[in-house]
Amino acid sequence: MAKIDDFNSGDNAGTGVYQVTQFHDNKRRGERCSSALGYLIPNLDRPNLTVLTGAKAHKILFEGKRAVGVRFAQNGKLQEVQASKEVVLSGGAFASPHLLQLSGVGRPEDIQQYGIDMVHELPGVGQNLQDHLDFILAYKSKDKDVLGLGAAGTVKMAKEIASYRKDGSGMIASPLAESGSFFKTSEEVDRPDVQTHFVISIVDNHARKLHMGYGYSCHVCVLRPHSRGQVFLQSADPEAAPGIDPKFLSDERDLQTMVRGAQKLRATLNSPAMDKYRHKELFMEGEVSDEEMAEHIRQRADTVYHPVGTCKMGVDDMAVVDPQLRVHGLQNLRVADASIIPNLVSGNTNAPSIMIGEKLSDMLKQSQGAA
Ligand SMILES: Cc1cc2nc3c(=O)[nH]c(=O)nc-3n(C[C@H](O)[C@H](O)[C@H](O)COP(=O)(O)OP(=O)(O)OC[C@H]3O[C@@H](n4cnc5c(N)ncnc54)[C@H](O)[C@@H]3O)c2cc1C
């Protein structure tokens, strides 16, 4: 497999170290840079910005088909803000469609049963949910130069913490999923259809289940899944969570891709090149047939946290927003977050989501005549 120095240079087929959103300056070196830290915090003193924390949007306020504000709860108190120009939703792939549904925008059959008045029928709201189905292979390691639980690493970890506190360097600054690869699981596809993330720790059930000792894991995810799920109301109470059904593996092709991807990844991790690191494989051992691998996948595969598509951008009947991210059929309302991505990107979703915010700010400035 080719070694890749820059996964964003064009052809991503190969393996390498990931580029991540992490601070490199002296003040916060090693710390992960969220979009709040990157965009909001440095601009808090702008006169045209007010940030309310601990506030939860409950409803978009409409006059006819025009969005005019938002009702929200803060510290147990309901409040309203009026929009002088537009309302922009950016609650993410679960919360943006949920807020539209709570506000009477979506499929009547999803909304009216909760006693919510319809404002606008839009069949795509909450539909088309896509996520990267992810499966993990994990190993106990002979090498203790990874993150783990055990006496041997305690002294080392104390040093690592000191080093991180001093200048943001060392293992604590690791993004954990440090490296990975993109590869084709079959010659029938024209570009990589799976991605891997190599993690310097044992990951079991999203790291909810801890293992004593030291080890490493490798995720494999299906880049362009065919399965489609949905986000739906379960209550008219805005504080209640929406229903989320990713419908993983509802399309058999995703299972086949994952089986091929997991088998190829496992062959690499069990190859002689890894002998000096590998102590014991967790979850499976010996020869594993495709049928057995499929059963492992059904039992353990899960999300790698890349949901998109539930307010998809487009011009077809199932599109929720148009190419300027305006909600179809309504005025003064846009959505700008991962929910507008019509088809899941073949890679991680954080940078594309930030790009969507950047693009929307350009479009807003353009449409409102600002510099
Ligand atoms: C555990 C985890 C790890 C991840 N790791 C990576 C990674 O390593 N690399 C990568 O590329 N991607 C990663 N992702 C995915 C990435 O974080 C998302 O793709 C990205 O954040 C999506 O951006 P967004 O703006 O659509 O939604 P979000 O980032 O989820 O932002 C939505 C915001 O809206 C707020 N909100 C929601 N509902 C309401 C409401 N009713 N009222 C007010 N505010 C509300 C939320 O609190 C949140 O702050 C990870 C995701 C998770 C969950």
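Thresholds, definitions, all that
- Residues numbered from 1 in each chain as written.
- Predicted model: local features only at pLDDT ≥ 70, side-chain atom pairs only at ≥ 80, totals over all residues.
- Heavy atoms only, no water.
- Near = heavy atom within 4 Å.
- Polar contact = N/O pair within 3.5 Å; in protein donor to acceptor, adjacent residues only side chain to side chain.
- Areas by Shrake-Rupley, 256 points an atom, 1.4 Å probe, with all protein chains shown as cover.
- Helix = DSSP H or I, 4+ residues; strand = E, 2+ residues; numbered from the N terminus.
- Nonpolar A, V, L, I, M, F, W, Y, C, P; charged D, E, K, R; others polar.
- Phe/Tyr/Trp six-rings, centres within 6.5 Å; stacked < 30°, edge-to-face > 60°.
- Lys NZ or Arg CZ within 6 Å of the ring centre and 35° of its normal.
- Pairing = 2+ DSSP bridges.
- Axes fitted to C-alpha atoms, helices over the stretch in contact; angles between N-to-C directions.

**Points about the site of the ligand**
Reasoning step 1: In the region of the ligand, 16 residues are neighbours, and Arg-32, Ala-57, Ala-338, Thr-349 and Asn-350 sit closest.
Reasoning step 2: Asn-348 is positioned such that a nitrogen or oxygen atom in its side chain is 3.4 Å from a nitrogen atom of the ligand.
Reasoning step 3: A distance of 2.6 Å separates an oxygen atom of the ligand from a polar side-chain atom of Thr-349.
Reasoning step 4: For the ligand, whose free accessible area comes to 1,000 Å², the fraction covered by protein is 53%.
Reasoning step 5: Of all elements in the fold, only β2 (55–63), α2 (92–102) and α7 (350–367) reach the threshold of two or more residues within the shell around the ligand.
Reasoning step 6: Along the lines of polarity and charge, the residues of the shell around the ligand split into five nonpolar, eight polar and three charged.

**Considerations on the packing of aromatic side chains**
Reasoning step 1: Following the criterion strictly, the structure yields five aromatic pairs and no others.
Reasoning step 2: Grouped by ring-pair contacts, the aromatic residues Phe-7, Tyr-18 and Phe-182 constitute a single cluster.
Reasoning step 3: The cationic tip of Arg-300 hangs over the ring face of Phe-283; the distance from NZ or CZ to the ring centre is 3.7 Å.

**Description of the sheet that holds strand β4 (residues 77–82)**
Strand pairs in the sheet, formed through backbone hydrogen bonds, run parallel or antiparallel to each other.
Reasoning step 1: The antiparallel open sheet is built from three strands, whose spatial order is β2-β3-β4. This sheet does not close on itself; its edge strands, each paired only once, are β2 and β4. If you compare each strand with its neighbour and ignore which way they point, the axes differ by 25° on average.
Reasoning step 2: Note that strand β3 (residues 66–74) and β4 share six bridges and pair antiparallel. By the bridge assignment for β4, Val-70 is matched with Val-81.

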